Amino acid sequence: MAQPESTQHQQAQLATILGPDPAPFETLISHLMSSSNEQRSQAELLFNLCKQTDPDSLSLKLAHLLQSSPHPEGRAMSAILLRKQLTRDDSYLWPRLSPSTQSSLKTILLSCIQREEAKSISKKLCDTVSELASGILPENGWPELLPFMFQCVSSDSLKLQESAFLIFAQLSQYIGDSLVPHIKELHAVFLHCLNSSSSFDVKIAALNAVINFIQCLSSSGDRDRFQDLLPAMMRTLTEALNNGNEASAQEALELLIELAGTEPRFLRRQLVDVVGAMLQIAEAESLEEGTRHLAIEFVITLAEARERAPGMMRKLPQFISRLFEILMKMLLDIEDEPEWHAAESEDEDAGETSNYSVGQECLDRLSISLGGNTIVPVASEMLPVYLAAPEWQKHHAALIALAQIAEGCAKVMLKNLEQVVAMVLNSFQDPHPRVRWAAINAIGQLSTDLGPDLQFQYHQQVLPALAASMDDFQNPRVQAHAASAVLNFSENCTPEILSPYLDGIVSKLLVLLQNGKQMVQEGALTALASVADSSQEHFQKYYDAVMPYLKAILVNATDKSNRMLRAKSMECISLVGMAVGKEKFRNDAKQVMEVLMSLQGSQLENDDPTTSYMLQAWARLCKCLGQDFLPYMSVVMPPLLQSAQLKPDVTITSADSDNDVDYSDDESMETITLGDKRIGIKTSVLEEKATACNMLCCYADELKEGFFPWIDQVATTLVPLLKFYFHEEVRKAAVSAMPELLRSAKLAVEKGQAQGRNDTYVKQLSDYIVPALVEALHKEPDTEICANMLDALNECLQTTGPLLDESQVRSIVDEIKQVITASSSRKKERAERAKAEDFDAEEGELIKEENEQEEEVFDQIGEILGTLIKTFKASFLPFFDELSSYLTPMWGKDKTPEERRIAICIFDDVAEQCREAALKYYETFLPFVLEACNDENPDVRQAAVYGLGVCAEFGGSVFRRLVGEALSRLNVVIQHTNALQSDNLMAYDNAVSALGKICVFHRDGIDAAQVVPAWLNCLPIKGDLIEAKVVHEQLCSMVERSDRDLLGPNNQYLPKIVAVFAEVLCAGKDLATEQTVTRMINLLRQLQQTLPPATLASTWSSLQPQQQLALQSILSS
């Protein structure tokens, strides 16, 4: 506590500030705005003291100042401060005020709204009123407010009309439900104002209120009542433009864009008029760029609003070609700047205008949202026209457009690959270097979006063309770009395709490495790295030529201007090392490590790219050298942990404040809007953090028990990052690392390398990691990462499952229920989307992709349950019973084959692992399994026939009654005409295995003289190698005990048995365990000795010649 005298001093200050003389309070408020830190913090201290000791006087003082201060900044500040005190957060003041103060405040606020002349202060007042109203209006704490607002709207004062609409807009956002009862009056007021108000400001405020109100209506019937306002809403925009008032028009456009994003179906009935008007604005060259860009943004937003209005925009093909043409024209807005040709700087976009970049971005977004069937026909009409025109800008635009639409149109473009590739390769010869650059750029983009098909079909055309472009010494920028296109091409490429071209490409890249221009050298380095990575051991023959150049750059590029070059040389060296392998790289590796170690020790600047490249290079060197890397870990780990622990550089501002720094143009900042906060995050920090987390995962995976000394630090760094919602890559890396850490700990303890720690340590680690994963899974918003988390959880359970206690198992089971429920509700939403009026095939494709991701989640649930059942056996069954109401629906005919397969696998696991304890489930589940044996999907069949085998083995008398049906079901699978085709092979092999189990465990329930030989006839099986080993061992045992049904009358099936043995033995280790192989050889030797020579000779002659030879050599060895 402060000393009593200072407290007395403060008491005196407070008395003065809150006393009858207004001056001290005004001074306090002006100090709160002071630029001097000390004065400001002193004032904040006193202000907070006033708030704690006498909130009534403070609030009334602020209100008084708001009402009567002659200084606008004083009035503005008190409006802001009042709003802060009335915001429902930790410092919410309203409940602490006396009823009379509350009443005075409400009255003063409304009278200020009537009296305030300054527009900017009026807006702040409206904010304050809305903030207070949103807290007290729903409980009827301000009955005077709505009548006051309706009165304002119908008054003669434009200023009051505008204020009322601003408040309506905010209340719709905060507490729309409280306004819905007044829907009729609001509709009339809005309509009247939009149709007949003379002031743009009032109309824009009304438009804002309408759009916010429509968004808060939950019933579509209520929203439809506002359809008749749409023409007037659009007129507000066009009138503003006709009167040259572009500022108001831009405000109107921003509001309409919001409506398009959140309630696109509201626009559906008048779509043609609305979109037509927007395209007219976009085409009007007399308007400001900003206005035209917003009109385009509106149309693109509608196209992107697929979840809410699937397929709606594809119904307007005439508009799509108009929009495409507008965007193509924007790409023509490019100047031929000298800097571009000089190629001194990275600045690839020299001469590009804001029109150009909007055009580029919108083509990409449009094609992703509408898809290839809609965009490709439009593009294939327009692009050839542009390519045939005389101006280089048009050639350039066509190639840039092609690259931009490739991602969204990939499926359709693949069908027309020949035309697409020809279009681009023709432009490799264009006289203008910027067009050649754009052609190379297009090939690079297409290699990414249309690979690996493009690489497979067109490598003969593409690689020589890129190699030729590397010779364009007049245009270094073209050379550099050709090198980076080689990178894109080789990333999706097999070593076989690449290796015939390596001689030519590598020698050209080495020439470029010695080029005077830095960007060319950098391009060559990244290309070499990628080529090495894609060609793997094929790169060995170039190693001796390439490595000296790379080391020279690493050692000599020490200038600040060369930082990126040196960083890329690290990347290249480490990828080349990984490609050629430890033996070839070992001698150079030592030197490279020393350079890296000395760099690591030097003080690098914050923005130095070296750090992130170095982190990745170390990890690759570790992968290449394996355990030989351990001595370097003490150098590598401290900075790596530091990077993984970086705090995100976050700035938080309010989303609606206009005067905040605008980060939208700053490449290094990413902004997210959450509620009414705008969060700006420095992306470079996040990327370094993500890289570091990925590297930690690599080390744990590569070094296994050798990673032990670092586990504690890494676990405490990464576990909290399971919930790092700023960056998906960070979460993904943290997730993948969890099982690696547990495995590393367990191995170290098993191998006695755990510095004296024992199983208790592994249990502690598991108790830290597993619950954290379960909790993170509960909060994870992204479906793909959910599947990753389930997968990681499963791997953790495989490592430390037996160490879990019951409460941990319980939390996992509860989470599985939650995941299944969430997944079904996502599916329902998709099914709803599929009912939309404009739903079409493209939307169906999208939903199919989303559902496939959903199946990945179910897949992982099946895996986890399998692991839990294998780990805890019958003691898991009470949990299984709880889950059955979640799992039983998965057997339904309406479910996807994948879900049915998973449900069957879970039952198979229960039957196999819990044996007698599982018999009680047979009655419920076996009918499903029997039916699924003849499912059309081969994976479902496989799971079902495998399950029959398990039940035959462990089901005893419960299974006996079903033997007849089981046989006929298995027979259908085995006799199927295409049973041995690759898709069906696994199901066939498992059916044969199940049949074999019935022969062994239920011999007295079958016609053995027929069934056993039928089973023998199916052997050997060669698809499912696990089942093959089981089945062939069973055959061995039956021969060893001279099974009469197997050998047949007079041993007539002996040749078949010997033929099966021969085939199994010739296949090496695949089809039988070593033990079974030995037993087979012994059986064959016995037969040689015991069989009559004639029988032996005829058995032998029934084998194929190469089998005879193989058997002779096996038996004689």
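Keep in mind it's a predicted model, so treat the numbers as computed, not measured. (Residues numbered from 1 in each chain as written. Predicted model: local features only at pLDDT ≥ 70, side-chain atom pairs only at ≥ 80, totals over all residues. Heavy atoms only, no water.)

(A) Broad picture of the overall build of the protein. Counting its regular elements, the protein contains 54 helices and three strands. Overall, the C-alpha framework of the protein stretches about 125 × 75 × 70 Å when taken along its three principal axes. With 1117 residues in all, the protein has 53% of them scored as buried. In the protein, once contacts between residues fewer than 6 apart in sequence are set aside, the share between residues at least 24 apart is 73%. About 48,800 Å² of surface is accessible on the protein, with carbon and sulfur atoms providing 51% of the total. Side chains of the protein carry 96 positive and 154 negative charges; the gap between the two charge centres is 4 Å. (Helix = DSSP H or I, 4+ residues; strand = E, 2+ residues; numbered from the N terminus. Buried < 20%, exposed > 50% of the residue type's maximum accessible area, 1.4 Å probe, protein only. Contact = heavy atoms within 4.5 Å. Areas by Shrake-Rupley, 256 points an atom, 1.4 Å probe, with all protein chains shown as cover. Lys, Arg positive; Asp, Glu negative; His and termini not counted. Charge placed at Lys NZ, Arg CZ, Asp CG, Glu CD.)

(B) Region of the structure containing the packing of helix α40 (residues 841-872) against helix α42 (residues 897-914). Between α40 and α42, the shortest axis-to-axis distance is 9 Å and the interhelical angle comes to 5 degrees. One finds that α40 runs roughly parallel with respect to α42. Across from Glu 855, Phe 858, Asp 859, Gly 862, Leu 865, Gly 866, Ile 869 and Lys 870 in α40, the residues of α42 making contact are Glu 898, Glu 899, Arg 901, Ile 902, Ile 906, Asp 909, Val 910, Gln 913 and Cys 914. Broken down by class, the residue content of the contact of α40 with α42 amounts to seven nonpolar, three polar and seven charged. (Axes fitted to C-alpha atoms, helices over the stretch in contact; angles between N-to-C directions. Parallel < 35°, antiparallel > 145°, perpendicular 65-115°, else oblique. Nonpolar A, V, L, I, M, F, W, Y, C, P; charged D, E, K, R; others polar.)

(C) Spatial organisation of the packing of aromatic side chains. Enumeration according to the criterion identifies 21 aromatic pairs in this entry. Taking the centre distance of 5.5 Å and the plane angle of 75 degrees together, the rings of Phe 724 and Phe 726 count as edge-to-face. On the basis of relative accessibility, which here comes to 8%, the residue Phe 724 falls in the buried class. Among the aromatic residues, ring-to-ring pairing joins Phe 880, Trp 891, Phe 907, Tyr 921, Tyr 922, Phe 925 and Phe 928 into one connected group. Seen from the ring of Tyr 386, Lys 394 lies directly overhead, with NZ or CZ sitting 5.5 Å from the centre. One Lys or Arg, Lys 689, reaches over the ring of Phe 724 and ends 5.1 Å from the middle of that ring. (Phe/Tyr/Trp six-rings, centres within 6.5 Å; stacked < 30°, edge-to-face > 60°. Lys NZ or Arg CZ within 6 Å of the ring centre and 35° of its normal.)

(D) Examining helix α19 (residues 354-370) more closely. Over its 17 residues, α19 extends 24 Å from the first C-alpha to the last, a length consistent with the 24 Å expected when each residue adds 1.5 Å. Listed in full, the buried residues belonging to α19 are Asn 355, Tyr 356, Val 358, Gly 359, Cys 362, Leu 363, Arg 365, Leu 366, Ser 367, Ser 369 and Leu 370. On the buried face of α19, the contacting elements are α16 (289-304), α17 (317-331), α20 (372-388), α21 (392-415) and α40. (Expected span 1.5 Å × (residues − 1).)

(E) Quick look at the environment of Gln 114. Looking at the secondary structure, you find Gln 114 in helix α6 (residues 99-115). Residues Gln 114 and Met 149 lie 35 residues apart in sequence; the distance between their C-alpha atoms is 11 Å. Setting aside anything within four residues of it in sequence, one finds Gln 114 in contact with Phe 148, Lys 159 and Leu 160.

(F) Main features of the side chain of Gln 270. By secondary structure assignment, the location of Gln 270 is in the loop between α14 (246-262) and α15 (271-283). A residue is classified by how much of its surface remains accessible, and Gln 270, at 18% relative accessible area, is buried. Among the polar contacts listed, one links the side chain of Gln 270 to the backbone oxygen of Gln 227, at a separation of 3.1 Å. (Polar contact = N/O pair within 3.5 Å; in protein donor to acceptor, adjacent residues only side chain to side chain.)

(G) Up close: the pattern of salt bridges. Counted according to the given criterion, the structure contains 62 salt bridges. Among the ionic pairs, Glu 304 bridges to Arg 365, the shortest N-O distance being 2.9 Å. Taken together, the positions of Glu 304 in helix α16 and Arg 365 in helix α19 put the pair 61 residues apart, joining distant regions of the chain. By relative accessible area, which is 35% here, Glu 304 ends up partly exposed. According to the relative accessible area criterion, Arg 365 is buried, its value standing at 15%. Glu 854 is the salt-bridge partner of Arg 830, the closest N and O atoms lying 2.8 Å from each other. (Salt bridge = Lys/Arg side-chain N within 4 Å of Asp/Glu carboxyl O.)

(H) Structural detail: the nonpolar core. In terms of nonpolar packing, the biggest core is built from 401 residues, with Phe 165, Met 233, Phe 629, Tyr 699 and Phe 707 touching the most fellow members. Examining the composition of this core, we find that 14 residues originate from one element, α21, more than from any other. Contacts of Phe 165, omitting those with residues within four sequence positions, involve Val 153, Val 189, Phe 190, Cys 193, Val 202, Ala 205, Ala 206 and Ala 209. (Core = buried A, V, L, I, M, F, W, Y, C linked by side-chain atoms within 4.5 Å.)

(I) Region of the structure containing the confidence of the model for the protein. When pLDDT is averaged along the protein, the result is 91; 97% of the residues meet or exceed 70. A low-confidence stretch, residues 657-665 stays under pLDDT 50, and its non-local contacts, those more than four residues away or across chains, total six contacts. (pLDDT = per-residue confidence, 0-100.)

(J) Local environment of the layout of surface pockets. Here the second largest pocket is characterised by a volume of approximately 870 Å³. Along its surface, the second largest pocket is lined by 26 residues, and Glu 605, Asn 606, Asp 608, Thr 611 and Glu 688 are the ones closest to its centre. When residues of the lining of the second largest pocket are traced back to their parent elements, those giving at least two are α31 (582-601), α32 (610-625), α33 (633-644) and α34 (683-703). (1 Å grid on protein atoms, 1.4 Å probe; cavity = no way out; pocket = protein on both sides within 12 Å on 5 of 7 lines; lining within 4 Å. Points joined across faces, edges and corners; volume = space filled by probe spheres on them.)

(K) Layout of the state of the cysteines. With the rule as written, the count across this model stands at zero disulfides. With no disulfide of its own, Cys 951 lies 9.7 Å from the sulfur of Cys 933, the closest cysteine sulfur. Its relative accessible area of 0% is what places Cys 951 among the buried residues. (Disulfide = S-S within 2.5 Å.)

(L) Focus on the environment of Leu 995. With respect to the helices and strands, the residue Leu 995 is situated in helix α47 (residues 982-1001). The class of Leu 995 is buried, set by a relative accessible area of 8%. Sequence separation between Leu 995 and Leu 1111 is 116 residues; the distance between their C-alpha atoms is 28 Å.

(M) Quick look at the side chain of Arg 563. As for its position among the elements, Arg 563 is in helix α30 (residues 563-580). Apart from residues lying up to four places away in sequence, Arg 563 is in contact with Glu 605, Asp 607, Asp 608, Pro 609 and Thr 610.

(N) Seen up close, helix α37 (residues 759-779). A rise of 1.5 Å per residue sets the reference length of α37, with its 21 residues, at 30 Å; its end C-alpha atoms lie 31 Å apart and thus fit the reference within 8%. In this fold, the buried residues of α37 make contact with α35 (711-718), α36 (728-750), α38 (783-800) and α39 (806-833).

(O) Structural view of the environment of Asn 1017. By the element assignment, Asn 1017 lies in helix α48 (residues 1008-1017). For Asn 1017, a relative accessible area of 57% corresponds to the exposed category. The spatial distance from the C-alpha of Asn 1017 to the C-alpha of Gln 755 is 58 Å, given a sequence separation of 262 residues.

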